[in-house]
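Residues per chain are reported as follows:
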Amino acid sequence: MLRCPTAVRTLRNLMEVQSQQKVHFHYNHTDSCKFSRWTARECYEFMYARPWHKVVDFYADMVKGHTSLSELFGKERPADHEDAEIREDHEKSEFVSFPVKERGGRWARINFKIVLSYHGGSFDGWQKQPDMNTVQGLIERSLGEFVDEKKAQLLKDKNLPLEGCAVVAGRTDKGVSASQQVCSFYTWRKDVKIEDVKDALDKAAPGKIRVVSLTKVSREFHPNFSAKWRRYLYIFPIDDVLGEKQGGQIWIDGCTDVHQQKECGKSAVDESNGNLTDDDNDELVHGNKPIKFEVSKVNRLLGQLEGKLLSYKMFARDTKASRNNGPPTECFVFHARAIETSIPCAQDGSHMKAMCIELVANRFLRKMVRVLVATVIREATAGAGDDALRKLMDATCRRATAPPAPSDGLCLVDVGYTDYDRSLCLIP
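Report follows, based on the coordinates.

What counts as what
- Residues numbered from 1 in each chain as written.
- Predicted model: local features only at pLDDT ≥ 70, side-chain atom pairs only at ≥ 80, totals over all residues.
- Heavy atoms only, no water.
- Helix = DSSP H or I, 4+ residues; strand = E, 2+ residues; numbered from the N terminus.
- Buried < 20%, exposed > 50% of the residue type's maximum accessible area, 1.4 Å probe, protein only.
- Contact = heavy atoms within 4.5 Å.
- Areas by Shrake-Rupley, 256 points an atom, 1.4 Å probe, with all protein chains shown as cover.
- Arc of directions from axis to C-beta.
- Patch = residues over 30% accessible without salt bridge, like charges linked within 9 Å, V, L, I, M, F, W, Y side chains within 5 Å.
- Salt bridge = Lys/Arg side-chain N within 4 Å of Asp/Glu carboxyl O.
- Lys, Arg positive; Asp, Glu negative; His and termini not counted.
- Charge placed at Lys NZ, Arg CZ, Asp CG, Glu CD.
- Phe/Tyr/Trp six-rings, centres within 6.5 Å; stacked < 30°, edge-to-face > 60°.
- Polar contact = N/O pair within 3.5 Å; in protein donor to acceptor, adjacent residues only side chain to side chain.
- Pairing = 2+ DSSP bridges.

Attention now moves to the overall build of the protein chain. When its secondary structure is counted, the protein chain shows 10 helices and 13 strands. When the 428 residues of the protein chain are sorted by exposure, 47% land in the buried category. Taking all contacts inside the protein chain whose residues are at least 6 apart in sequence as the whole, residues at least 24 apart take part in 77%. Roughly 21,900 Å² of accessible area belongs to the protein chain as shown, and the carbon and sulfur atoms make up 48% of that amount.

Have a look at this one:
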């Protein structure tokens, strides 16, 4: 294929000009700490310039059963699940709301409740997608051998792979781990043993996914619609890793990788000072914005959300237009707390100082937890009032909140199907 060097150079120059002329719009905050608040770029750099590999390794050890989330908070470690809980639970199941008896039709099929622990860094999220390594895809391939004959023939006639169908309590994004994710699978076959289902799932990806428990439940049970609350934990490293600091302030240097930070040096820091613009009038930002925050301040900010039904549309991302307003954006937060702790680093035996944020709500919007974490850290650093998060809910644009925090720090702890009990919280 022939190429014209002149045309290539012209196209390259045009792209460079367009890039230089690109305008980044920022939300016009009007409070007293507007000049201390990070821009979206600064927030992104602060969040990603962290030793996330240590958090990822911790979650990997959790999935393997070498550690647990409760140990971070000085609580007793739950019983090991090397031999995952396997039981038939018909008459005593918390999901059965009618007398159990022989019924025909769709009620005759067997429904399994599967509780999984998986390492988010090893998968491209939960939802099955073509040519991607997802948790759902792996689970459904492993369940293919338990599909009934009628469905197996139907899949064969359509030239589709022999796979089961797994319904989940909540889809997690790429990089998000899970301690006790809940999904379900049904079949009309009467000869399927839950021990066989467990073995098939545990063999799918050893060390990356593990069956925590496996039970037979009523046909009425649905992992998503039956759930009354979900709990997430976010681990944010707070060790000092951002390099150049002066009197508790930082010069944002444009390097988003912690390893690149070490190589940039002060020259790169100085060059970046002329690249940022103020939220309002495009004046040059001096870059000396505070980076230190108190965990107690984060805790107070989050505490304002507890026990309230609020609209979190400003904290959601990539949602459908039909879910951008009204009741679909409302969530009831049962528990929102932050605490400082340390996580063990198995590779060198050391510990890393970190902040843990625990959030429990009846539901969460897409990327809501990660946006909420990044925003509360930004507001705490800027010295905003304790009601800052509440005020942001009345904003007119989602640019008022921070970009999502890295998915590496997020973990779906568990899903509840009974009324919420505050005594079960990790952070009191």
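Those residues of helix α8 (residues 295–303) that sit buried are Val 295, Lys 297, Val 298, Leu 301 and Leu 302. Looking straight down α8, one finds its buried side chains confined to an arc of 155°; they lie on one side. In this fold, the buried residues of α8 make contact with β11 (330–345), β12 (350–361), α9 (368–382) and α10 (388–392).

Moving on, we get to a negative patch on the surface. On the surface, Glu 145, Glu 195, Asp 196 and Asp 199 cluster together into a negatively charged patch. The class for Asp 196 is partly exposed, based on a relative accessible area of 38%.

As a further point, take the packing of aromatic side chains. Inspection of every chain in the model, using the stated rule, returns 17 aromatic pairs. Relative to Trp 188, the ring of Tyr 186 lies with its centre 5.7 Å away and its plane at 90°, an arrangement referred to as edge-to-face. Overall, the relative accessible area of 37% leaves Trp 188 in the partly exposed class. Between Trp 229 and Tyr 420, the ring centres sit 5.8 Å apart and the planes meet at 80°, which makes this aromatic pair edge-to-face.

Moving on to unusual backbone geometry. The backbone of Asp 131 sits at a positive phi, close to 60°, despite the residue not being glycine. Along the chain, Asp 131 falls in the loop between β2 (110–118) and α4 (135–142). Of note in this structure, Lys 367 is not a glycine but carries a positive phi near 60°.

Let us look at the side chain of Arg 230. Among the secondary structure elements, Arg 230 is positioned in strand β6 (residues 229–237). Despite its burial, Arg 230 remains without a salt bridge, the nearest opposite charge being carried by Asp 414 at 9.8 Å. Looking at Arg 230, its side chain comes within polar contact range of the main-chain oxygen of Ala 169, at 3.2 Å. Among the polar contacts listed, one links the side chain of Arg 230 to the backbone oxygen of Asn 362, at a separation of 2.9 Å. Each residue touching Arg 230, except ones within four places of it in the same chain, is listed here: Ala 169, Asn 224, Leu 359, Val 360, Ala 361, Asn 362, Arg 363, Phe 364, Asp 414 and Val 415.

This structure, assessed with the given rule, holds 20 salt bridges. Here Glu 379 makes a salt bridge to Arg 37, at a shortest N to O gap of 2.8 Å. Note that Glu 379 is positioned in helix α9 and Arg 37 in the loop between α1 (5–21) and α2 (40–48), a separation of 342 residues in sequence. Here Glu 379 falls in the buried class, since its relative accessible area comes to 1%. Across the pair Lys 128 and Glu 163 runs a salt bridge whose closest N-O atoms are separated by 3.2 Å. Taken together, the positions of Lys 128 in the loop between β2 and α4 and Glu 163 in the loop between α5 (149–157) and β3 (167–168) put the pair 35 residues apart, joining distant regions of the chain. You can call Lys 128 partly exposed: its relative accessible area is 38%.

Regular strands place their side chains on alternate faces of the sheet. Burial within strand β5 (residues 209–217) is extensive, with nine of its nine residues counted as buried. Summarising the sheet, β2 and β5 pair through eight bridges and their orientation is antiparallel. Residue Ile 114 lies in a different strand from β5, and its bridge partner there is Leu 214.

Moving on to the pairing of β11. Sheet topology places strand β10 (residues 308–311) next to β11; four bridges connect them, and they run antiparallel. Looking across to β11, one finds that Leu 310 is bridged to Cys 331. In terms of strand pairing, β11 meets β12 through 12 bridges, oriented antiparallel. Bridge pairing links Ala 336 to Leu 359 in β12. Hairpin connection of β11 to β12: four residues between the antiparallel strands, including Gly 349 at a positive phi of 75°.

The values are spatial; any link to function lies outside them.
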